[in-house]
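Summary of the model geometry
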Amino acid sequence: MVLPDVAEPPYHIRLYFRFIGEEWRVDNLNPSGFEVPPYDSPFFDLGHWENKVIPFVLKGLLVGILITIARFLFEKFISMPLGHNVVKDRKDVPKFVESVTKMSYYLCAWLAAFYVLIHQPYWTDGYHQVLSVYRVYHLGEIPEDIEWVYLMSLGWYLHNMYSFFFVDSKKKDDAIMLAHHVVTVTLITLSYAVGYFDFGLQVLFSMDICDVFLELMRALRLCLLLNPFFEFLCFLPIPISWLLFRIAYYYKAVMEPSLFFVTVLNIGWQNSNFYFVFNLLLFSLLAMNVYWFIMILRVALLTVSGKRLHDTREADAPSHTKKHR
């Protein structure tokens, strides 16, 4: 095992290791013998951008265009006819179509990320939640399967930025949703440029599964007359998956390693490239997920109190906070 010459890290990192009862020693954080390769970030290499990053973004834009075309065809020939047959109120058909389309994508995207993730060498080594995000790829050494997941995700979120303005129904949290899309596209592009692919793979794995349950519940609510108890049972997977994946797993597998362990496994604090930039973007995602989780809990409390289930993000959702005269 190659142990790097680790510079003294910032105070918050040393304080964290003191809190968990560990001394500042590299060997404590590297029990599986993971070899840390020397690495110079190609981020400021113009040739790297011309040969790798810009072509990747252009391919992502092409994927986004293809997704837009595929969405149009899917909605025209599948989800729209289905919506006209099963939706209770015809004015809700566009919402049903939007939910079915997004649920279909997120299910495919999460299964793809999960399949790629479980086939990575760190998945079964018992310490993958630390090592997974620090396998830094050198130029030209990016696994093809991870690159395909990245391309699909970049294309989807570029499409989402288009559909936000021209396709999707308006919601009360539109500003936060747009910020989420911008942060996600930025993280995908920057992590590709620097080589933090395992970071991105963990983020995508922790996020997309929650949207499957969210969009499924939105679709069911529009097409079925559910009694309140069964409606609540169908709703339960949303807060459970949100808490387990978008908050707990995301913090443990992404935020905690990024904030504290990267300074060791990425050949020392002095070579922790773009530490504050990435952590600021990752923390903003965590903050948005906590905000949405609070909204989900609010819906759950309204349902428990006997009110019908409503998506409080929808612009036309009824307000339960005002007293009826």
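Residues numbered from 1 in each chain as written. Predicted model: local features only at pLDDT ≥ 70, side-chain atom pairs only at ≥ 80, totals over all residues. Heavy atoms only, no water.

A closer look at the overall build of the protein
The number of helices and strands found in the protein is 10 helices and 0 strands. Ordered by position from the N terminus, the helices and strands of the protein form the series α-α-α-α-α-α-α-α-α-α. Counting across all 325 residues of the protein, residues that qualify as buried make up 50%. Considering only intrachain contacts with a sequence separation of at least 6, the fraction spanning at least 24 residues in the protein is 80%. When the accessible area of the protein is evaluated, it comes to approximately 16,100 Å², of which 69% is carbon and sulfur surface. (Helix = DSSP H or I, 4+ residues; strand = E, 2+ residues; numbered from the N terminus. Buried < 20%, exposed > 50% of the residue type's maximum accessible area, 1.4 Å probe, protein only. Contact = heavy atoms within 4.5 Å. Areas by Shrake-Rupley, 256 points an atom, 1.4 Å probe, with all protein chains shown as cover.)

Focus on the confidence of the model for the protein
The predicted coordinates ought not to be read in detail in places where the model reports low pLDDT. Looking at the protein, the pLDDT average stands at 78 and 69% of residues meet or exceed 70. Averaged over each element, pLDDT in the protein is lowest for helix 4 (residues 128-131) (46) and highest for helix 3 (residues 93-118) (94). Segment residues 23-36 is flagged for pLDDT under 50; beyond a separation of four residues in sequence, or across chains, it makes 36 contacts in the model. Contacts of residues 126-134 to residues separated by more than four positions or lying in other chains number 35 contacts, the stretch itself having pLDDT below 50. (pLDDT = per-residue confidence, 0-100.)

Focus: the packing of aromatic side chains
Enumeration over the complete set of coordinates arrives at 16 aromatic pairs. By the ring-pair criterion, three or more aromatic residues cluster together here, those being Trp110, Phe114, Phe205, Phe245 and Tyr249. The lysine or arginine in question, lysine 76, covers the ring of phenylalanine 77, its NZ or CZ lying 5.8 Å from the ring centre. One Lys or Arg, arginine 246, reaches over the ring of tryptophan 242 and ends 4.4 Å from the middle of that ring. (Phe/Tyr/Trp six-rings, centres within 6.5 Å; stacked < 30°, edge-to-face > 60°. Lys NZ or Arg CZ within 6 Å of the ring centre and 35° of its normal.)

Concerning empty space enclosed by the protein
Summed over the entire model, instances satisfying the criterion amount to 5 cavities of 30 Å³ or more. Here the second largest cavity defines a volume of roughly 190 Å³. Lining of the second largest cavity is provided by 17 residues; of these, Leu187, Ile188, Gly200, Val203 and Leu285 occupy positions nearest its centre. Mapped by element, the contributors of at least two residues to the lining of the second largest cavity are helix 5 (144-166), helix 6 (174-194), helix 7 (197-223) and helix 10 (275-304). Counting residues per element, the lining of the second largest cavity draws most heavily on helix 7, at 6 residues. Class assignment of the residues belonging to the lining of the second largest cavity gives a composition of 12 nonpolar, 4 polar and 1 charged. (1 Å grid on protein atoms, 1.4 Å probe; cavity = no way out; pocket = protein on both sides within 12 Å on 5 of 7 lines; lining within 4 Å. Points joined across faces, edges and corners; volume = space filled by probe spheres on them. Nonpolar A, V, L, I, M, F, W, Y, C, P; charged D, E, K, R; others polar.)

Some remarks on the pattern of salt bridges
Scanning the entire structure with this criterion turns up 8 salt bridges. Close ionic contact of glutamate 98 with lysine 102 constitutes a salt bridge, the shortest N to O distance being 3.2 Å. Taken together, the residues span about one helical turn, with glutamate 98 and lysine 102 both in helix 3 at a distance of 4 residues. Taken as a pair, glutamate 98 and lysine 102 share a single burial class, namely buried. Measuring nitrogen to oxygen at the nearest pair gives 3.3 Å for the salt bridge that ties arginine 218 to glutamate 215. With a gap of 3 residues between them, arginine 218 and glutamate 215 both fall in helix 7, about one helical turn apart. The same class applies to arginine 218 as to glutamate 215, namely buried. The structure contains a network of salt bridges with shared partners spanning Arg71, Glu75, Glu98, Lys102 and Asp168. (Salt bridge = Lys/Arg side-chain N within 4 Å of Asp/Glu carboxyl O.)

A short note on the packing of helix 5 against helix 6
Axis separation between helix 5 and helix 6 bottoms out at 10 Å; the angle between their running directions is 150°. Taken together, the axis directions place helix 5 and helix 6 in an arrangement best described as roughly antiparallel. In the packing of helix 5 onto helix 6, the handedness of the crossing is left-handed. Across from Glu147, Tyr150, Ser153, Leu154, Tyr157, Leu158, Asn160, Met161, Phe164 and Phe165 in helix 5, the residues of helix 6 making contact are Asp174, Met177, Leu178, His180, His181, Val182, Thr184, Val185, Ile188, Thr189, Ser191 and Tyr192. A per-class count over the contact of helix 5 with helix 6 returns 13 nonpolar, 7 polar and 2 charged. (Axes fitted to C-alpha atoms, helices over the stretch in contact; angles between N-to-C directions. Parallel < 35°, antiparallel > 145°, perpendicular 65-115°, else oblique. Left-handed = near helix turned anticlockwise from the far one by under 90°.)

Focus on the side chain of glutamate 98
Glutamate 98 gets classed as buried once you look at its relative accessible area, which sits at 4%. Here glutamate 98 is in contact with Arg71, Glu75, Asp168, Ser169, Lys171 and Arg218, once residues within four sequence places are set aside.

Focus: helix 6
Taking 1.5 Å of rise per residue, 21 residues should cover 30 Å, and helix 6 covers 30 Å from first to last C-alpha, within 8% of that figure. Just past helix 6, the residue glycine 195 takes up positive phi, approximately 105°. (Expected span 1.5 Å × (residues − 1).)

Describing the packing of helix 2 (residues 46-86) against helix 3
Direction vectors running N to C along helix 2 and helix 3 enclose 125°, while the axes themselves pass 9 Å from each other. With respect to helix 3, the element helix 2 is oriented oblique. Of the two elements, helix 2 crosses helix 3, and the hand of that crossing is right-handed. Along its contact with helix 2, which presents Arg71, Phe74, Glu75, Ser79, Met80, Leu82, Gly83, His84 and Val86, the element helix 3 presents Val93, Phe96, Val97, Glu98, Val100, Thr101 and Ser104. When the residues that make up the contact of helix 2 with helix 3 are grouped by side-chain class, the tally is 8 nonpolar, 5 polar and 3 charged.

Here's the deal with a nonpolar patch on the surface
Together, Ile54, Leu58, Leu61, Leu62, Ile65, Leu66, Ile69, Phe72, Leu73, Phe77 and Ile78 give the surface a local cluster of nonpolar side chains, amounting to about 1,100 Å² of exposed area. Within the element layout of this structure, phenylalanine 72 appears in helix 2. (Patch = residues over 30% accessible without salt bridge, like charges linked within 9 Å, V, L, I, M, F, W, Y side chains within 5 Å.)

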